[in-house]
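Residue strings, one per chain:
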Amino acid sequence: MKTFIQQFVLLLLSFWMALGCKPSYTKQLDKILEEGTIYQSAIFCEQNKVHLKERELECIEVTKKAKEEIDSIINRRLDLGIAPVIIEKSKGKEIEEFLKVHTQMGIRYWEIWKSSVILE
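Residues numbered from 1 in each chain as written. Predicted model: local features only at pLDDT ≥ 70, side-chain atom pairs only at ≥ 80, totals over all residues. Heavy atoms only, no water.

**So, helix 4 (residues 56-80)**
Counted only if it meets this: The way it works is that DSSP assigns letters per residue, a run of H or I at least four long becomes a helix, a run of E at least two long becomes a strand, and they are numbered from the N terminus. Helix span, as expected, comes to 1.5 Å for every residue beyond the first. Contacts between residues were defined by any pair of non-hydrogen atoms, one from each residue, lying within 4.5 Å.
The end-to-end C-alpha separation of helix 4 is 36 Å, in line with the 36 Å expected for 25 residues at 1.5 Å each. Buried residues along helix 4 sit against helix 2 (25-35), helix 3 (38-47), strand 1 (85-87), helix 5 (89-101), helix 6 (103-116) and strand 2 (117-119). Phi turns positive, to about 80°, at Gly81, one or two residues after helix 4.

Structure below.
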């Protein structure tokens, strides 16, 4: 026969499982950093910066890398003259999402990006 405490613990565990066990923000970030792209990581950091205060330096670093890659793509446009840079569609969509989420970067790069890049 189960004690009241055992029944209560089982009830709490069942309730917790029913709600869906979502990993912590730091664990989610670790997984994205390991398996995702720099853009996915930077987007996640920006969308969850309140929950990732202890990981702020990593988020700053991944955002910096994303910005550097965007700069590199745009600089290729300058090297090509009038021809736009062709980027894989999925990567381009990630960059565009990054620019939407990172408002300051979007203000700086959106028009240049749209006029310099073709997604294929």
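Having seen it, we continue.
**Topic: the packing of helix 4 against helix 6**
The condition is simple: Under this scheme, a helix contributes an axis fitted over its contacting stretch, all axes are lines through C-alpha atoms, and angles between N-to-C directions fall in the 0 to 180 degree range. Crossing handedness is defined as follows: a turn of the near helix away from the far one that is anticlockwise and smaller than a right angle gives a left-handed crossing, while the clockwise case is right-handed. Classes in brief: Ala, Val, Leu, Ile, Met, Phe, Trp, Tyr, Cys and Pro nonpolar; Asp, Glu, Lys and Arg charged; the others, Gly included, polar.
Contact pair helix 4 / helix 6: the axes reach a minimum separation of 10 Å and the direction vectors enclose 35°. Of the two elements, helix 4 crosses helix 6, and the hand of that crossing is left-handed. Listed contacts from helix 6 to Thr63, Lys67, Ile70, Asp71, Ile73, Ile74 and Arg77 of helix 4 are Met105, Arg108, Tyr109, Ile112, Trp113, Ser115 and Ser116. Per-class residue counts for the contact of helix 4 with helix 6 are 7 nonpolar, 3 polar and 4 charged.

**Concerning the pattern of salt bridges**
For clarity, the threshold we go by: Throughout this description, the term salt bridge denotes a Lys or Arg side-chain nitrogen within 4 Å of a carboxyl oxygen of Asp or Glu. Summary of the burial criterion: residues with accessible area below 20% of their type's maximum are buried, those above 50% are exposed, and those between are partly exposed, where the area comes from a 1.4 Å probe applied to protein chains only.
For the coordinates displayed, the defined rule picks out 6 salt bridges. Of the charged contacts in the structure, one is a salt bridge between Glu58 and Arg55, with a shortest N-O distance of 2.3 Å. Linking Lys91 and Glu69 is a salt bridge whose minimum nitrogen-to-oxygen distance equals 2.5 Å. Of this pair, Lys91 sits in helix 5 while Glu69 is found in helix 4, placing the two residues 22 residues apart along the sequence. For Lys91, a relative accessible area of 31% gives the class partly exposed. A network of salt bridges, in which partner residues are shared, links Asp30, Arg55 and Glu58.

**Quick look at the nonpolar core**
The condition is simple: Here, nonpolar core refers to any group of buried Ala, Val, Leu, Ile, Met, Phe, Trp, Tyr and Cys residues whose side-chain atoms link them within 4.5 Å.
In this structure, Ile70, Ile73, Ile95, Phe98, Leu99 and Trp113 are the most contacted members of the largest nonpolar core, which totals 23 residues. Elements that contribute at least two residues to this core include exactly helix 3, helix 4, strand 1, helix 5 and helix 6. With 6 residues, helix 4 is the single largest residue contributor to this core. Once residues lying within four places of it in the same chain are set aside, the contact partners of Ile95 are Tyr39, Ile70, Ile73 and Trp113.

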